[in-house]
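# Coordinate inspection notes
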Amino acid sequence: MAAEAEGLEPQAAATEDAAGDATEAADAELCLLVGNRLSLDLYPGGCHRLLHLCAQQPPQLREVEFLQLSGHEDPQLLEATLTQVPRSLQRLRSLVLRGGQHWDVLGACLRGSLTTLPAGLSGLARLAHLDLSFNSLETLPACIPRMRGLSTLLLSYNHLSELPEALGALPSLTFLSVTHNHLQTLPIALGALSTLQRLDLSGNLLDTLPPEIGALSSLTELNLASNRLQSLPTSLVGLQSLRLLVLHSNLLTSVPTGLVHLPLLTRLDLRDNQLRDVPPELLDAPFVRLQGNPLGEALPAPRSPPGAPVILEMPRLFLNSDVDSFPVTPQGCSVTLACGVRLQFPAGATVSPVNIQYRLWLPEPRLVPLGPHDSLLSGVLELQPHGVAFRQKVSLWLLFVPPRIRRCREVVVRTLSGDSWGDLDTHVEEEAPKRLWAHCQVPHFSWFLVVSRPVSNTCLVPPEGTLLCCSGYPGVKVTFPPGATEEPRSVCMQVRTGQPLWMVGGFSTHRQAWGPCLPQVVRMASRELRALLGEPEAAASPLLCLSQSGGPPGFLQPVTVQLPLPPGVTGLSLDRSCLHLLYRTPLEAAWDDITAQVALELTHLYARFQVTHFSWYWLWYTTKTCVQDLARKAWERLRLHRVNLIALQRRRDPEQVLLQCLPRDKVDATLRRLLDRYRGPEPSDTVEMFEGEKFFAAFEKGIDVDAERPDCVEGRVCFVFYSHLKNVKEVYVTTTLDRQVQAVRGQVSFYRGAVPEEVPEEAKAARQRKGMDTVWMATLPIKLPRLRGSEGLGQGRGPSLSLAPLNLGDAETGFLTQSNLLTVAGRLGPDWPAVALHLGLPYRELQRIRHEFRDDLDGQIRHMLFSWAERQAGQPGAVGLLLRALEQSDRLDIAEEVRAILELGRQKYKDSIQRTSLAPRGLDPADPAAPQSVESAQV
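These numbers come from a predicted model, not from an experiment.

Another point: a positive patch on the surface. A cluster of like positive charges, contributed by Arg651, Arg679, Arg745 and Lys783, occupies part of the molecular surface. Structurally, Arg745 is set in strand S46 (residues 744-752).

Laid out in structure tokens, this is it:
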């Protein structure tokens, strides 16, 4: 019996543990039931939690009116869960089943797995708001047209190719959004939606509209942007309630004149169409936008003979940032991508329709093949499918950053062809002083980027020999004698003169073969060489590089090279023992003195010598006898950029830290622009970096990065330095130290290279000798101020968050605190651009935020929301503006939450006034602060 009792004890303990776990799980689920809202989209296993609640049937569940689930749940589990909803949540008014809460490694939103809805959902008699955006719907679920009380239906970012005629049976529908699907036609029954006020069909494939659309008598907003419309039905002039009509990025050649006479119309957007002639009423109307149309231009003359059918003008496509592919037909098309890239496919470029995919990659060394003296001017564009040849060349326009130095340099588009990189014939087109395009023609698709390189002179070396002269430096010549090659070879010469390269450009730490023979000339300033050698009379000639990829490694006959003598040196007065011809071994990357191995022929101004292999050659005039190591150091100095590192904290949010690497001449201007919103220590001392060099920032002394980021490894933020691109990132930091006691004084240190397994301590690294072999570059202080009272508690990013008061709203209508705004930011997700536009932020600012925080969606949302809040601080109506923006962006769920927060704040304000005897007494008999009788007061 004792043995049996002993055996039962573990079982009883296990049973008690299981019961305890179940009780804890039930308590956790009940905690989610707050008021009439149940938000399970942000919790793992949301469907399991809801099924468990439905099985328990707690009284709070029957009060739920707003339900949110994630579209990323297992499809079968999601369907089983939704089947239980009509029986358990009969008061449900809003159902949100969105995808888009997960992102891939590049930050793009992933669609949910939802493909249909159970038929039983039509039994939700009170349902008024249904959001199925960012899912995988190919057809509209059959239960939706039977939801007679539905007022808002959101179907954006799905795969719908058509809408059923039954959709016209929704008598209460006021808002319908089907953006970014594959709609080609609209149902005739759409005109039966007499209560519809807002209709958004942008980002589809519509080429015609049914005339019945003019019967939407209550319609106030109609968005048809980014479709393929060539004409509009005249019935649109009957939309007497219309206030906003958006038609940009279509193929319209005409519009009904009556649109301008709609009585309530405040905006008619016709940008980027094919309008050549519009009525005067449209030209004079202040609310009409016509930019991007060929107004006043004549139609191109038809190439076909008289009587032949007229060929339609090439279609134009304008893609937004959420579209990563587009179709190309044999008719051809002109495409403008969201990143600013333009492509033109001529008619006949493809035999059959092809779907083209694109992606803009962040530059990194493996994707950026830079040769010596090259500078990167753009990101990396990938076009797929790779290697598919076109019957006619496709025109490509790439936006790039204007190079700071243009003399003796040229801009080229570099692409990967096969296994090697090559440069395409490129023409620079200037749209504005700071808006430049690199235009080239591509035979197939691959990776593309824009670089600045020394100017090239190209010739074809035949077996008979030839002479190649440098256009920028006529004294530099290469003579190819007869018989130097058996087959013709392409040879180009690049010239670089004037200042040392570290002052105007740079290049990567490794050289990759990316073209044919490349002679290059670079001059090092005499003062730089004298400072390096410690010799006042030292001088150096232009630096010449001869290189080739493919073919025989050398020439059959010696090639004669002519270089100018170093400045201040002539052939009549020089001391031959001080003249050194230096040769850089390509593989070992070391410099050798080969003066004794070649026959130097000197004239008054030039030195001539013969070589059989291409490499780097340099003439030095110095009394030093061993110059190989000095040549290596001088070579490094030619390749360096002088920069400063900064670390600033946002004034209203010290946890938001801006890290940036700036060229030395841009530091002052950048700080003047930032210091009204940021504060921090002085920039670091000047450090020297290579083009394409990796470095990282490590937060130390109790401070760490707050959130996971694609560019963050073990809490260290990774960078790649490119001299013409913005090397800036904003991160949120946190601390495990107690900021209620005192401020946290930490630091951020910058180190060279990729993130190692162990980062050296700053104090130890700082004692090392400064130079290119030093890992540590700089350390800047970071201070998180002390939290006072309840400041920072309950914030969205944790208890350590501290934000300066924003004063958004007022005491009587209600305040929105930093914590409230962070909650809003955490819920917006991919809808933040729509909210930003409705808040009044210009589209250019949205593009800037996307660029600055391109790896951090949370950073994009927070920066947008808090920068807007800062501008609205103290302004009346700011909270109301936010509410309207949320409603207009289809985020009624967040708007309801904000209203609840405001109501709670107003109630607390009233209570506080009454407690401090500031409110009139005796107005509310139920008020606990009402005046009491003398008797009760004496008690």
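Structure shown, so let's carry the discussion forward.
With that settled, consider the sheet that holds strand S35 (residues 606-613). Across the sheet, which stays open at both edges, the five strands sit in the order S25-S26-S31-S35-S34 with antiparallel pairing between neighbours. Either end of the sheet is taken by a strand with one partner, and the two such strands are strand S25 (466-469) and strand S34 (601-602). Pairing of strand S31 (residues 554-564) with S35, which is carried by seven bridges, proceeds in the antiparallel orientation. The residue bridging Thr560 from the neighbouring strand is Gln610, located in S35.

What follows is about the packing of helix H12 (residues 857-872) against helix H13 (residues 878-888). It is at 10 Å that the axes of H12 and H13 come closest, and there the two elements cross at 145 degrees. H13 is crossed by H12, and the crossing has right-handed handedness. Mapping the contact onto sequence places Leu865, Trp868 and Gln872 in H12 and Ala878, Leu881 and Leu882 in H13. In terms of residue class, the contact of H12 with H13 is made up of five nonpolar, one polar and no charged.

As for its placement among the helices and strands, Leu130 is situated in strand S4 (residues 129-131). Setting aside residues up to four positions removed in sequence, Leu130 forms contacts with Leu95, Leu117, Ile144, Met147, Leu150, Thr152, Leu153 and Leu154.

Here we take up the pattern of salt bridges. What the rule picks out here adds up to 19 salt bridges. Across the pair Arg739 and Glu655 runs a salt bridge whose closest N-O atoms are separated by 2.5 Å. A residue pair is termed long-range when its members are at least 10 positions apart, and Arg739 in the loop between strand S45 (727-735) and S46 and Glu655 in the loop between strand S37 (640-650) and strand S38 (656-663) qualify at 84 residues. If you follow the salt bridges from partner to partner, you end up with Asp374, Glu410, Arg414, Asp423 and Arg453 in one network.

Per the stated rule, a full pass over the model turns up 11 aromatic pairs. Between Tyr583 and Tyr617, the ring centres sit 5.5 Å apart and the planes meet at 50 degrees, which makes this aromatic pair tilted. A residue pair is termed long-range when its members are at least 10 positions apart, and Tyr583 in strand S32 (residues 579-584) and Tyr617 in strand S36 (residues 616-621) qualify at 34 residues. Taken together, the ring pairs in this structure connect Phe326, Phe345, Phe390 and Phe445 into an aromatic cluster. A cation sits over an aromatic face here: Arg198 above Phe175, 3.9 Å from the ring centre.

Within the UniProt annotation, "active site" (unreviewed entry) is assigned to His444, Ser446, His613 and Ser615. With respect to the helices and strands, His613 occurs in strand S35. Residue placement: Ser615 occurs in the loop between S35 and S36. Using a relative accessible area of 3% as the deciding quantity, one classes Ser615 as buried.

In this section: the sheet that holds strand S44 (residues 716-721). Within a sheet, neighbouring strands are paired by backbone hydrogen bonds and run either parallel or antiparallel to one another. Reading across the sheet, the five strands line up as S43-S44-S41-S46-S47 and stay open at both edges, with antiparallel pairing between neighbours. Sheet topology places strand S43 (712-713) and strand S47 (776-784) at the edges, where each strand pairs with a single neighbour. Alignment of S43 against S44, held across two bridges, turns out to be antiparallel. Bridge assignment links Cys712 to a residue of S44, and that residue is Val717.

Two elements in contact, helix H9 (residues 818-828) and H12, have axes whose closest approach is 9 Å; the angle formed by their N-to-C orientations is 140 degrees. In terms of their interaxial angle, H9 and H12 are classed as oblique. With respect to the hand of their crossing, H9 and H12 are arranged in right-handed fashion. Along the contact surface, H9 presents Gln818, Leu821, Leu822, Val824, Ala825 and Leu828, while H12 presents Ile861, Arg862, Met864, Leu865, Phe866 and Ala869. Here the contact of H9 with H12 is composed, by residue class, of 10 nonpolar, one polar and one charged.

Overall, the coordinates contain zero disulfides when judged by the stated rule. Here Cys718 stays free of any disulfide, with the sulfur of Cys712 as its closest cysteine sulfur at 7.1 Å.

Of all hydrophobic cores here, the largest spans 76 residues; its most connected members are Leu117, Leu199, Leu222 and Leu268. Listing elements by their share of this core, those giving two or more residues are helix H2 (46-56), strand S2 (66-70), helix H3 (75-88) and strand S3 (94-98). Setting aside residues no more than four positions away along its own chain, Leu268 makes contact with Leu245, Leu247, Leu259, Leu282, Phe287, Val288 and Arg289.

For H9, a buried count of nine out of 11 residues is recorded, marking the element as mostly surrounded by other parts of the structure. Buried within H9 we find Gln818, Ser819, Asn820, Leu821, Leu822, Val824, Ala825, Arg827 and Leu828.

Bringing the environment of Glu221 into the picture now. Looking at the secondary structure, you find Glu221 in strand S8 (residues 221-223). Since its relative accessible area comes to 25%, Glu221 is described here as partly exposed. For the pair Glu221 and Leu199, spaced 22 residues apart in sequence, the C-alpha separation works out to 6.2 Å. In this structure Glu221 touches Gln197, Arg198, Leu199, Leu242 and Leu244, once residues within four positions along its chain are discounted.

Bringing helix H11 (residues 843-852) into the picture now. Taken together, the buried positions of H11 are Glu845, Leu846, Ile849 and Arg850. Relative to the axis of H11, the buried residues are bounded by an arc of 140 degrees and lie together on one face. The inward-facing, buried residues of H11 abut helix H10 (832-838) and H12.

All right, on to unusual backbone geometry then. Note the cis peptide between Gln384 and Pro385, where omega equals 10 degrees. Positive phi is not limited to glycine here, since Ser226 has a value of about 55 degrees. You can see Ser226 is positioned in the loop between S8 and strand S9 (244-246). The exposure class of Ser226 is buried, given its relative accessible area of 18%. One non-glycine residue, Ser249, lies in the positive phi region at around 60 degrees. Relative to the elements of secondary structure, Ser249 occurs in the loop between S9 and strand S10 (267-269). Judged by its relative accessible area of 5%, Ser249 falls in the buried class.

What counts, and at which threshold
Residues numbered from 1 in each chain as written. Predicted model: local features only at pLDDT ≥ 70, side-chain atom pairs only at ≥ 80, totals over all residues. Heavy atoms only, no water. Patch = residues over 30% accessible without salt bridge, like charges linked within 9 Å, V, L, I, M, F, W, Y side chains within 5 Å. Areas by Shrake-Rupley, 256 points an atom, 1.4 Å probe, with all protein chains shown as cover. Salt bridge = Lys/Arg side-chain N within 4 Å of Asp/Glu carboxyl O. Lys, Arg positive; Asp, Glu negative; His and termini not counted. Charge placed at Lys NZ, Arg CZ, Asp CG, Glu CD. Helix = DSSP H or I, 4+ residues; strand = E, 2+ residues; numbered from the N terminus. Pairing = 2+ DSSP bridges. Axes fitted to C-alpha atoms, helices over the stretch in contact; angles between N-to-C directions. Left-handed = near helix turned anticlockwise from the far one by under 90°. Contact = heavy atoms within 4.5 Å. Nonpolar A, V, L, I, M, F, W, Y, C, P; charged D, E, K, R; others polar. Phe/Tyr/Trp six-rings, centres within 6.5 Å; stacked < 30°, edge-to-face > 60°. Lys NZ or Arg CZ within 6 Å of the ring centre and 35° of its normal. UniProt positions renumbered as here; feature names shortened; annotations may be inferred. Buried < 20%, exposed > 50% of the residue type's maximum accessible area, 1.4 Å probe, protein only. Parallel < 35°, antiparallel > 145°, perpendicular 65-115°, else oblique. Disulfide = S-S within 2.5 Å. Core = buried A, V, L, I, M, F, W, Y, C linked by side-chain atoms within 4.5 Å. Arc of directions from axis to C-beta.

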